[in-house]
Amino acid sequence: MSIPSAPPPFTELQGQYLAFIYAYTKLNRRPPAEADMQRYFGTTPPTVHRMVLELERRGLIRRSAGQARSIELLLAPELLPVLR
């Protein structure tokens, strides 16, 4: 008998942003800027900024105030969805 796993603490779209942050950081050895996320997801700067604020509010990422490229994931990589 297996124990049902709890749903992830993020929406599908939030999971894609988290997966992007993880993949970008692994490939580039530094976190993405909001402009990088904007290009990848094909969205507007305010949309990306709202997502970053929401991820931070939910305790999924941490940022350093006033410091560019300071996003840090607070989740284990194995909890992230596959980036599409």
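Residues numbered from 1 in each chain as written. Predicted model: local features only at pLDDT ≥ 70, side-chain atom pairs only at ≥ 80, totals over all residues. Heavy atoms only, no water.

The protein has the name Helix-turn-helix domain-containing protein in an unreviewed UniProt entry, where Pyxidicoccus fallax is given as its organism.

Trainee: Looking at this structure, I do not really get the nonpolar core. What am I missing?
Mentor: Soluble globular proteins: nonpolar side chains tend toward being buried together. Leu 18, Ile 21, Met 37, Leu 55 and Ile 61 are the most contacted members of the largest nonpolar core, which has 17 residues in total. Counting residues per element, the ones that place at least two in this core are helix H1 (12-28) and helix H3 (45-57). Among the elements that line this core, the one with the most residues is H1, at 5 residues. The contact partners of Met 37, leaving out residues within four places of it in the chain, are Tyr 17, Phe 20, Ile 21, Pro 32, Gly 42, Val 48, Val 52 and Ile 71. (Core = buried A, V, L, I, M, F, W, Y, C linked by side-chain atoms within 4.5 Å. Buried < 20%, exposed > 50% of the residue type's maximum accessible area, 1.4 Å probe, protein only. Helix = DSSP H or I, 4+ residues; strand = E, 2+ residues; numbered from the N terminus. Contact = heavy atoms within 4.5 Å.)

Trainee: Is there a simple way to explain the side chain of Ser 70 in this structure?
Mentor: Counting through the fold element by element, Ser 70 comes out in the loop between strand E1 (61-62) and strand E2 (72-73). For Ser 70, a relative accessible area of 15% corresponds to the buried category. Those residues in contact with Ser 70 that sit more than four places away from it in its chain are Pro 31, Arg 62, Arg 63 and Ser 64.

Trainee: Explain the UniProt feature "domain: LexA repressor DNA-binding" (unreviewed entry) in the protein to me, please; I cannot follow it from the model alone.
Mentor: Feature annotation in UniProt assigns "domain: LexA repressor DNA-binding" (unreviewed entry) to the following positions: residues 9-69. Within residues 9-69, the helical portion is 62% and the strand portion 3%, while the C-alpha atoms at the span's ends are 24 Å from each other. (UniProt positions renumbered as here; feature names shortened; annotations may be inferred.)

Trainee: Got a minute to help me understand the packing of aromatic side chains in this structure?
Mentor: Two aromatic rings, taken as a pair, are described by how far apart their centres are and by the angle between their planes. As enumerated under the stated definition, the model contains 5 aromatic pairs in all. Between Phe 20 and Tyr 24 the ring centres are 5.7 Å apart and the planes differ by 40°, which places this aromatic pair in the tilted class. One end of the pair, Phe 20, and the other, Tyr 24, are both in helix H1, 4 residues apart, so they sit about a helical turn from each other. When sorted by exposure, Phe 20 lands in the same class as Tyr 24, which is buried. One aromatic cluster is present, formed by Tyr 17, Phe 20, Tyr 24, Tyr 40 and Phe 41 through successive ring pairs. (Phe/Tyr/Trp six-rings, centres within 6.5 Å; stacked < 30°, edge-to-face > 60°.)

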